[in-house]
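This is what each chain is made of:
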Amino acid sequence: MHPMLHTAVKAARRAGQIINRASLDINLLQVNKKQHNDFVTNVDTAAEAAIIDTLHAAYPEHGFLAEESGASASESENLWIIDPLDGTTNFIHGFPQYCVSIALSHRGVITQAVIYDPTRNDLFTASRGCGSFLNDRRIRVSRRDRLADGLIGTGFPFRDQSGLDEYLKLFSEMTRVCAGLRRPGAAALDLAYVAAGRYDGFFEQGIQPWDVAAGSLLISEAGGLVGNYTGDSTFLYQHEIVAGNSKQYAQMVQILRPYSRVKTPI
């Protein structure tokens with residue numbers, strides 16, 4: 001395992017311990033609302049602090065982009081992109097679908113990725129050029145060719161609901177052409193499931209870099225494709241994502257392209 005990946009795994013497991021302890025009595029959680037339907041708890045902030053402390057101790061010159069604390073001031077070519085608890089709404093309701101997501105970007109390219117599901121002790125890892133793994137076992141994207149046979153993950157608009165009517169139209173269109181849609185509510189874990197072949201594809205708008213950075217590397221190293229709704233691979237900061245094996249990805253892009261909100265230069 002790459003030394004930086006090893007450190008990220010250590011950080012993710014440390015955050016997972018904090019999350020698991022808190023999950024024993026969710027009635028004690030301190031919950032605040034950041035905006036409509038967007039929550040943060042004392043567990044999010046404690047887990048994020050633990051991750052940053054672990055990474056900073058090993059790599060004090062590196063920069064950080066984290067969901068709760070934002071971006072740190074750094075001129076380093078290395079940027080850790082962190083979601084300490086993806087699926088906070090699930091967590092505060094005791095619904096066991098959430099995870100820790102940590103990725104390392106070097107000169108704008110994701111090189112290391114960890115997604116840790118503390119409820120199942122599932123550890124997804126990837127280093128660029130070395131493949132993707134679940135609990136040290138190599139994983140690959142699914143082999144299903146037809147979207148009609150595909151199980152597809154998605155996310156619903158929950159912060160900004162101005163595009164809800166358009167999404168419902170897309171939801172209807174996608175439902176008619178695939179085997180089933182699922183929305184568990186933790187995008188990072190959904191992407192890990194694509195890498196492991198549990199989903200055949202995934203799409204979502206209104207997404208943030210910390211939701212998709214680690215999962216995108218897991219998928220590409222597992223043989224899949226990731227991009228925005230138009231199929232462009234420069235998706236990380238564009239707030240929309242589509243992912244899947246090559247055949248499912250191509251069919252999904254054909255449906256999703258008209259719904260893209262990415263502004264393309266004239």
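As shown above, the structure is provided for reference.
Residues numbered from 1 in each chain as written. Predicted model: local features only at pLDDT ≥ 70, side-chain atom pairs only at ≥ 80, totals over all residues. Heavy atoms only, no water.

Some points on the overall build of the chain
And then number 1: When helices and strands are tallied, the chain shows seven helices and 15 strands.
And then number 2: Expected size for 266 residues packed as a compact globule is a radius of gyration near 18 Å; at 17 Å, the chain falls within 12% of this value.
And then number 3: The dimensions of the chain, computed from C-alpha atoms along their principal axes, are 45 × 40 × 40 Å.
And then number 4: Classification of the 266 residues of the chain by burial places 54% in the buried group.
And then number 5: Across the chain, the fraction of contacts at a sequence separation of at least 24, relative to all contacts at a separation of at least 6, is 63%.
And then number 6: Accessible area for the chain stands at about 12100 Å²; split by element, carbon and sulfur atoms hold 51% of it. (Helix = DSSP H or I, 4+ residues; strand = E, 2+ residues; numbered from the N terminus. Rg over C-alpha atoms; globule rule 2.2 N^0.38 Å. Buried < 20%, exposed > 50% of the residue type's maximum accessible area, 1.4 Å probe, protein only. Contact = heavy atoms within 4.5 Å. Areas by Shrake-Rupley, 256 points an atom, 1.4 Å probe, with all protein chains shown as cover.)

Some words on the packing of aromatic side chains
And then number 1: Counted under the stated rule, the structure contains eight aromatic pairs.
And then number 2: For the ring pair Phe124 and Tyr193, a centre distance of 6.4 Å and an interplane angle of 50 degrees mean the geometry is tilted. Of the two residues, Phe124 sits in strand β8 (residues 122-127) while Tyr193 sits in helix α5 (residues 187-195), which places them 69 residues apart along the sequence. As far as the burial class goes, Phe124 and Tyr193 line up, both buried.
And then number 3: We note Arg198 situated over the ring of Tyr193; from NZ or CZ to the ring centre the distance is 4.8 Å. (Phe/Tyr/Trp six-rings, centres within 6.5 Å; stacked < 30°, edge-to-face > 60°. Lys NZ or Arg CZ within 6 Å of the ring centre and 35° of its normal.)

Quick word on the sheet that holds β8
And then number 1: If you walk across this open sheet you meet the eight strands as β4-β3-β5-β6-β7-β8-β9-β10, and the pairing is mixed. Where the open sheet ends on each side, the last strands, each with one partner, are β4 (70-71) and β10 (137-139).
And then number 2: Relative to β4, strand β3 (residues 63-66) runs antiparallel, the two being bridged by two bridges. Within β4, the position partnered with Leu65 by the bridge is Ala71.
And then number 3: Against the sheet, α5 touches β5 (78-86), β6 (99-106), β7 (109-117), β8 and β10, its axis set at about 100 degrees to β7. (Pairing = 2+ DSSP bridges. Axes fitted to C-alpha atoms, helices over the stretch in contact; angles between N-to-C directions.)

Topic: unusual backbone geometry
And then number 1: Although it is not a glycine, Asn135 sits at a positive phi angle of roughly 50 degrees.
And then number 2: Look at Asp136: it is not a glycine, yet its phi comes out positive at around 70 degrees.
And then number 3: Looking at where Asp136 falls in the secondary structure, it is placed in the loop between β9 (132-134) and β10.
And then number 4: On the basis of relative accessibility, which here comes to 69%, the residue Asp136 falls in the exposed class.

Some thoughts on helix α4 (residues 164-177)
And then number 1: Helix length check: α4 (14 residues) gives 20 Å between terminal C-alpha atoms against 20 Å at 1.5 Å per residue, within 8%.
And then number 2: Among all positions of α4, only Tyr167, Leu170 and Met174 are buried. Down the axis of α4, the buried side of the element spans an arc of 60 degrees, and every buried residue falls inside it. In α4, the exposed positions angled more than 90 degrees off the buried face are occupied by Asp165, Lys169 and Arg176.
And then number 3: If you follow the buried residues of α4, they end up packed against β11 (151-154), β12 (180-182), β13 (201-205) and α7 (246-256). (Expected span 1.5 Å × (residues − 1). Arc of directions from axis to C-beta.)

Let's talk about the pairing of β11
And then number 1: In terms of strand pairing, β11 meets β12 through three bridges, oriented parallel. Note on β12: the bridge partner recorded for Leu151 is Gly180.
And then number 2: Here β11 pairs with β13 via three bridges, running parallel. Its bridge partner lying in β13, Thr154 is registered against Phe203.

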